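So the chains spell out like this:
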Amino acid sequence: MTAMAHEPLTQEDVLLEGFLALDTPEGFRAELVEGEIVVTPPPDGDHEKYISRIVRQVIRHSRTDMDVSGNKGLRLKSGDSCPKNHVVPDVTFAPMEADLFGGAGSWMPCDGVAMVLEVTSTKPQADREAKRRCYARGGVPLYLLLDRDTAQITLFSSPEKDDYREHCTRPFGKPLTLPAPFAFELETTDLL
């Protein structure tokens with residue numbers, strides 16, 4: 001009998017295995033973003049209020065009926081030699097008719113996702129930069145970033161390679177147009 005040759009584990013394989021084996025405390029979430037393991041504590045009340053205000057409008061006004069998932073794990077392409085990114089958006093929106101969440105595991109591919117929403121919290125730079133790049137590389141068509149530090153909301157669109165080619169930023173209090181499949185004016189006055 002000959003022993004089967006095993007390929008040696010790469011540093012990326014070890015990092016991904018370690019990440020997937022993490023046992024984070026209840027309420028915390030762990031993500032693997034551009035080769036870095038990021039653990040965040042449970043969000044504060046304002047963070048959740050902003051999410052609620054956005055989700056409520058999407059449910060009421062979107063031209064396409066949307067399924068909504070809070071804290072859904074997404075597997076996204078990575079850059080360089082990093083393992084595949086494992087990112088957990090605050091909210092993931094997908095057309096209801098696609099039924100993306102039904103039967104999905106803890107970590108699902110982002111194919112068919114219409115938009116992700118992030119509200120800045122303990123690591124705002126990750127939301128502004130690293131996660132934006134991850135979502136663009138993954139081909140997520142729309143990334144909505146609610147930045148509490150700057151009191152602005154930004155919609156990133158037209159993903160290409162490592163970033164989005166277009167973005168539209170509005171201060172809280174000014175409406176922001178969400179394109180198809182949503183096709184409505186997102187009101188931000190209740191974010192003030």
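Thresholds, definitions, all that
Residues numbered from 1 in each chain as written. Predicted model: local features only at pLDDT ≥ 70, side-chain atom pairs only at ≥ 80, totals over all residues. Heavy atoms only, no water. Phe/Tyr/Trp six-rings, centres within 6.5 Å; stacked < 30°, edge-to-face > 60°. Helix = DSSP H or I, 4+ residues; strand = E, 2+ residues; numbered from the N terminus. Buried < 20%, exposed > 50% of the residue type's maximum accessible area, 1.4 Å probe, protein only. Salt bridge = Lys/Arg side-chain N within 4 Å of Asp/Glu carboxyl O.

Attention now moves to the packing of aromatic side chains. Per the stated rule, a full pass over the model turns up six aromatic pairs. With a centroid separation of 6.0 Å and an interplanar angle of 85°, the aromatic rings of Phe-93 and Phe-182 are classed as edge-to-face. Placement of Phe-93 in strand E6 (residues 91–95) and of Phe-182 in the loop between strand E12 (176–178) and strand E13 (184–186) is noted, with a sequence separation of 89 residues between them. Each of the two residues, Phe-93 as well as Phe-182, counts as buried. Both rings, one in Phe-156 and one in Tyr-164, keep their centres 6.1 Å apart while their planes meet at 40°; by these two values the pair is tilted. Like Phe-156, the residue Tyr-164 is buried in the burial classification. Pairwise contacts between aromatic rings join Tyr-135, Tyr-143, Phe-156 and Tyr-164 into one cluster.

Once that is clear, we can look at unusual backbone geometry. Note that the residue after Ala-180, namely Pro-181, is joined by a cis bond; omega there is 10°. As for its placement among the helices and strands, Pro-181 is situated in the loop between E12 and E13. Residue Asp-99 is not a glycine yet carries a positive backbone phi of 50°. If you trace the backbone, Asp-99 turns up in the loop between E6 and strand E7 (107–109). One non-glycine residue, Ala-151, lies in positive phi territory at about 55°. Inspection of the secondary structure assignment puts Ala-151 in the loop between strand E9 (142–147) and strand E10 (152–160).

With that settled, the discussion passes to the pattern of salt bridges. Summed over all chains, the structure comprises ten salt bridges. Ionic pairing is found between Arg-128 and Asp-149, a salt bridge with its closest N-O pair at 3.1 Å. Of this pair, Arg-128 sits in helix H3 (residues 124–137) while Asp-149 sits in the loop between E9 and E10; the two residues are 21 residues apart in sequence, bridging distant segments of the chain. Two residues, Asp-163 and Arg-132, come together in a salt bridge whose shortest N-O distance is 2.7 Å. Of this pair, Asp-163 sits in strand E11 (residues 163–171) while Arg-132 sits in helix H3; the two residues are 31 residues apart in sequence, bridging distant segments of the chain. When salt bridges that share partners are traced, they join Arg-29, Asp-90, Glu-118, Asp-127 and Lys-131 into one network.

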